[in-house]
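# Secondary and tertiary structure notes
Read off the chains here:
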Amino acid sequence: MPTTLVRNGTVVTARETTLADVLIEGSRIEAVLPGISPPPGATVIDATGTYVIPGGIDAHTHLDMPFGGTTSADDFETGTRAAAFGGTTTIVDFAIQARGTRMRDALDIWWKKAEGRACVDYGLHMIVTDLGNAGLEDMDDMVREGVASFKLFMAYPNVLMVDDATIFKALSRTAKNGALICMHAENGSVIDVIVARALAEGKTAPIYHALTRPPRAEAEAVHRAIAMSEIAGAPVYIVHLSSEDALNEVREARDRGVPAFAETCPQYLLLSIEELERPNFEGAKYVFTPPLRPKEHQPKLWDGLRDDHLQVVSTDHCPFCFKEQKELGKNDFSKIPNGGPGVEHRLSLIYSGGVHGGKFSANRFVQLISTAPAKLFGLYPRKGTIAVGSDADIVIFDPNAEQVISAKTHHMRIDYSMYEGMRVKGVTKTVLSRGRVIIDNGAFTGKPGAGEFLRRQTYSGAH
Ligand SMILES: [Zn+2]
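Procedures and definitions
- Per chain, residue numbering runs from 1 following the sequence as it is written.
- The predicted origin of the model limits local features to residues at a pLDDT of at least 70 and limits the giving and counting of side-chain atom pairs to 80 or more, whereas totals for whole chains, interfaces and linings rest on all residues.
- Each side-chain value is derived from all of the structure's non-hydrogen atoms; neither hydrogens nor water enter the calculation.
- Every helix listed is a DSSP run of H or I at least four residues long, and every strand listed is a run of E at least two residues long, numbered separately from the N terminus.
- Expected span of a helix: the number of residues minus one, times 1.5 Å.
- Three exposure classes are used, based on accessible area relative to the maximum for each residue type with a 1.4 Å probe and protein chains only: buried under 20%, partly exposed in between, and exposed over 50%.
- Contacts are assigned to residue pairs with any non-hydrogen atoms lying within 4.5 Å of each other.
- Counting of polar contacts relies on pairs of N or O atoms within 3.5 Å, with two restrictions inside protein: one atom must be capable of donating a hydrogen and the other of accepting it, and residues adjacent in sequence are counted only when both atoms are side-chain atoms.
- Should a side-chain nitrogen of Lys or Arg be within 4 Å of a carboxyl oxygen of Asp or Glu, the pair is scored as a salt bridge.
- Pairing between strands is defined by DSSP: at least two bridges between the two strands are required.
- Between N-to-C directions, angles span 0 to 180 degrees; the directions come from axes that are lines fitted to C-alpha atoms, helices contributing only their stretch in contact.
- Comment on the angle field: the value is read as roughly parallel under 35 degrees, roughly antiparallel over 145, roughly perpendicular from 65 to 115, and oblique elsewhere.
- Take the far helix as your reference; a near helix turned counterclockwise from it by less than a right angle gives a left-handed crossing, and one turned clockwise gives a right-handed crossing.
- Note that water is not among the atoms used; donors are N, O and S atoms within 2.8 Å of the metal (3.2 Å for Na, K and Ca), so sites may look incomplete.
- Cavities and pockets were defined on a 1 Å grid built over protein atoms only: a cavity is a set of grid points that admits a 1.4 Å probe from which the probe cannot escape, a pocket is an open set flanked by protein on both sides within 12 Å along at least five of seven lines, and lining residues are those with an atom within 4 Å of any such point.
- Grid points are joined across faces, edges and corners, and a volume is the space filled by probe spheres set on the points.
- Ring geometry is summarised as follows: Phe, Tyr and Trp rings, the Trp one being its six-membered ring, pair when their centres sit within 6.5 Å, and such pairs are stacked at plane angles under 30 degrees, edge-to-face over 60 and tilted between the two.

A separate point is helix 8 (residues 244-255). Since one α-helical turn is 3.6 residues long, residues separated by three or four positions face the same way. Compared with an ideal rise of 1.5 Å per residue, which puts 12 residues at 16 Å, helix 8 spans 16 Å between its outermost C-alpha atoms and is within 8% of the ideal. Turning to helix 8, its buried residues are D245, A246, L247, E249, V250 and A253. Contact partners of the buried residues in helix 8: helix 7 (215-232), strand 13 (236-238), strand 14 (260-264) and helix 10 (297-306). At the C-terminal side of helix 8, G257 shows a positive phi close to 90 degrees.

Following this line, the structure appears as structure tokens:
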């Protein structure tokens, strides 16, 4: 078993900041104490002047995902490698149950996609499109396989959307089996009418993607999802929350003691609707759902993260290249594949904007990008913290180093960056995944296939 000592760093967890060394035996953390002398034969990593934080957990990625007649550009190899460069050592991706099939079929398909490719550990959520006859039993079966969370869509009628009865049945099942329901909350039926109206009026440019999906359509669905979860007696987790309107619904519920949780993503914190008005169809680079909102929503979301009305920052990484993929919607915004790249830069963007921006502490940062998703998605304390017995998923993070984000230098397999030219302060230097160095001072030293499937527990920390 290899022994590694991370020395002289500042260990930052969700709870505390301490000067300590971290001793790693094999894949696990053996000790976290000041002044550990290196055991014979140990590899020593000097972390002087930097933070030693638990590996990032991105609970929302879509690698190798079919959508709108194409497939997201990163597969499990390129996507998890890019994640590693940015300090993310665990992703939770989504398997999609095709209508009329069993959830196990989808799980097999996604296991194959990841097999031999993943460079970091990964879990899977199951997207439920059809409860059919055996769906509720299938949900229990998935929980036994470690797929302890399900995503349901209130948007995309005829593709992924499920009706309220299905949502309520699924929520009720999780009240018994302990899994967590993740909701894509937008009123898809209303949105489709607005989209058809816009297209009939000849409004085909990318900006209409945002203008046809109003914040109220998100808030309405968040409200409905939470109400159904209350009736079912189950917690609920709202994915990619994008607007003040939707945030108010979550806050109101949490103030009443309802176990409602929500994530937001860097794009909603840092970018706004004007991006979709870029000339030469470049607005298509910013087409994803929910859409970017007017700027005034951004400070509300940052406040939500600070005040724990929002618990998690994930990316919804779902890259489609500008050439050939986004271009599918050149004459019709509704045909632009929905999704944007982001898995690589989450830590830097949130550290830069959140901690250097004076919004919250480094401890809160760690909680948002690692500890809270670990707890909500049944990975804690194996993941999400630096403690004796936890997996040695460790990031040496330089809080004062700067980096300019660009498609020329990023590692995601996509021909643009949503943050092109943006300067961030706070950079991942070295990354360990279960004790193995996979990023060494900015160079990839991991290997495809080393990432393991994580059998997750039911929501360990949701209550
Ligand atoms: Zn998504």
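Our focus in this paragraph is the environment of R306. With respect to the element layout, R306 can be found in helix 10. For R306, a relative accessible area of 43% corresponds to the partly exposed category. Residues R306 and L368, 62 residues apart in the sequence, show an inter-C-alpha distance of 9.5 Å. Look past the residues within four positions of R306 in its chain and what remains in contact with it is K359, F360 and R364. Here the side chain of R306 touches D307 through a polar contact of 2.8 Å, side chain to side chain.

For the structure shown, the criterion picks out 33 salt bridges. For the salt bridge of E220 with R224, the shortest nitrogen-to-oxygen distance reads 2.8 Å. In this pair, E220 and R224 are both assigned in helix 7, four residues apart and thus about one turn of the helix distant. Under the relative-accessibility criterion, E220 is labelled partly exposed at 31%. Taking the shortest distance from any N to any O, the salt bridge between E327 and K323 comes out at 3.6 Å. Assessed through its relative accessible area of 27%, E327 is described here as partly exposed.

If you trace the eight strands from one edge of the open sheet to the other, you get 6-9-10-11-12-13-14-15, paired in parallel fashion. At either margin of the open sheet sits one strand with a lone partner, and together these are strand 6 (56-61) and strand 15 (312-313). In terms of strand pairing, strand 14 meets strand 15 through two bridges, oriented parallel. Paired with T264 across the two strands is V313, which belongs to strand 15. Packed on one face of the sheet, helix 7 meets strand 12 (180-184), strand 13 and strand 14 and runs near 170 degrees to strand 13.

With that settled, consider the packing of helix 7 against helix 8. As a packed pair, helix 7 and helix 8 sit with axes 7 Å apart at the nearest point and diverge in direction by 20 degrees. Between helix 7 and helix 8, the interaxial angle falls into the category roughly parallel. As helix 7 packs across helix 8, the resulting crossing turns out to be right-handed. Here P215, R216, E218, A219, V222, H223 and I226 of helix 7 come into contact with helix 8, specifically with D245, A246, E249, V250 and A253.

Our next topic: the coordination of the zinc ion. The expected angle between donors at a tetrahedral four-coordinate metal is 109.5 degrees. At an octahedral six-coordinate metal it is 90 or 180 degrees. At this site the zinc ion is bound by H60 (NE2), H62 (NE2) and D316 (OD), with donor distances of 2.0 to 2.4 Å. Taken in sequence order, the residues that donate to the zinc ion follow the motif H-x1-H-x253-D. Of the two residues, H60 and H62, neither departs from the other in class, the shared state being buried.

A few words now on the layout of surface pockets. Within this model, the largest pocket holds a volume of roughly 610 Å³. If you go around the largest pocket, you meet 34 residues; those closest to its centre are F67, Y156, V159, T289 and N338. When residues of the lining of the largest pocket are traced back to their parent elements, those giving at least two are strand 7 (66-67), strand 11 (149-153) and helix 5 (188-200). Looking at the lining of the largest pocket element by element, the count peaks at four residues for helix 5.

Let's shift gears to the packing of aromatic side chains. Throughout the structure, instances matching the rule amount to 16 aromatic pairs. A centroid spacing of 6.2 Å and a plane angle of 35 degrees characterise the contact between F85 and F444, whose relative ring orientation is tilted. In this pair, F85 is assigned in helix 1 (residues 76-85) and F444 in strand 19 (residues 443-444), connecting sequence segments 359 residues apart. When its relative accessible area of 25% is taken as the criterion, F444 is described as partly exposed.

In short, geometric facts, not functional conclusions.
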